[in-house]
Amino acid sequence: MGSRGTLTLVSSVVLVAGCTATTSGGSAAPAATTATTASAATGCGSRVETGPLPDWADAGFSGDARVPHVFGAKGDIVAVLFAHPLRQVRDDGSNNKILWVARAATTSPDPVAPATLVITARLDGTDTQVIREVPGGPGPSIIDLPRAGCWRLDLSWSGHTDTMDLTYAR
């Protein structure tokens, strides 16, 4: 039981560090700090997992692949983050690559619904909204957003919907 208590403490420290990084990323200006504080109060910022992907999302990965990923609120989609943290500006030449993997549907998708993954992103605490599309539905993408902060994503594809929050650093 002693090691279990230690593991819980370490997990708590990691979670606090994640929250601290989000807060410090938005503290460059007082307005950004206010938006970040509001984000924490509304629960913005889905947890970035680093354990193995679920069986339904690990096709193409070998062994016990551990990559940063975020689950949709319903658990119907996962965003595999090849760039972590995601950034508003990437000066190192890399990009904000996200692999979207949808859970296999137990019911037939709506035959008239477009296969395109439509992402409606709203910057928490602001009126800023942008739309991004991934042609062909969930799959590989580069998703750049115009400002740093916590973004609430409404995702729709082939008659399915889910939501998640992603944080973009400066």
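Residues numbered from 1 in each chain as written. Predicted model: local features only at pLDDT ≥ 70, side-chain atom pairs only at ≥ 80, totals over all residues. Heavy atoms only, no water.

Now for the overall build of the chain. Counting its secondary structure elements, the chain contains two helices and nine strands. Sequence-ordered secondary structure for the chain, helices as α and strands as β, is α-α-β-β-β-β-β-β-β-β-β. In the chain, which comprises 170 residues, the proportion classed as buried is 32%. Of the contacts made within the chain by residues no fewer than 6 positions apart, 49% connect residues no fewer than 24 positions apart. Carbon and sulfur atoms provide 57% of the accessible area of the chain, an area that totals close to 9700 Å². (Helix = DSSP H or I, 4+ residues; strand = E, 2+ residues; numbered from the N terminus. Buried < 20%, exposed > 50% of the residue type's maximum accessible area, 1.4 Å probe, protein only. Contact = heavy atoms within 4.5 Å. Areas by Shrake-Rupley, 256 points an atom, 1.4 Å probe, with all protein chains shown as cover.)

With that settled, the discussion passes to the sheet that holds strand β5 (residues 117-123). Spatially, the five strands line up as an open sheet ordered β3-β9-β8-β5-β6, and their pairing is mixed. The open sheet terminates on both sides in strands that have one partner only, identified here as β3 (86-87) and β6 (129-134). By the bridge criterion, six bridges tie β5 to strand β8 (residues 149-157) in an arrangement that is antiparallel. Note that in β8 the partner of Val118 across the bridge is Ser156. (Pairing = 2+ DSSP bridges.)

A cis amide bond links His84 with the next residue in sequence, Pro85, at an omega value of 5°. Within the secondary structure layout, Pro85 lies in the loop between β2 (77-81) and β3. Although it is not a glycine, Ser158 sits at a positive phi angle of roughly 45°. For Ser158, the position within the fold is in the loop between β8 and β9 (160-169).

Turning next to the nonpolar core. Core analysis: the largest hydrophobic core is formed by 23 residues, its most contacted members being Ile98, Trp100, Leu153, Leu155, Met164 and Leu166. Where this core is concerned, the elements lending two or more residues are β2, β4 (97-102), β5, β6, β8 and β9. Dropping the residues within four chain positions of it, Leu155 is found in contact with Ile77, Trp100, Leu117, Val118, Ile119, His160, Thr161, Asp162 and Met164. Membership of the second largest hydrophobic core comes to seven residues, among which are Leu53, Ala57, Val80 and Leu99. (Core = buried A, V, L, I, M, F, W, Y, C linked by side-chain atoms within 4.5 Å.)

Taken as a whole, this structure holds one aromatic pair when the rule is applied. Ring geometry for Phe61 versus Phe82: centroids 6.3 Å apart, planes at 10°, classification stacked. With Phe61 in the loop between α2 (30-42) and β1 (69-71) and Phe82 in the loop between β2 and β3, this residue pair connects regions lying 21 residues apart in the sequence. For Phe82, a relative accessible area of 44% gives the class partly exposed. Between the NZ or CZ atom of Lys97 and the centre of the ring of Phe82, over which it lies, the distance is 5.1 Å. (Phe/Tyr/Trp six-rings, centres within 6.5 Å; stacked < 30°, edge-to-face > 60°. Lys NZ or Arg CZ within 6 Å of the ring centre and 35° of its normal.)

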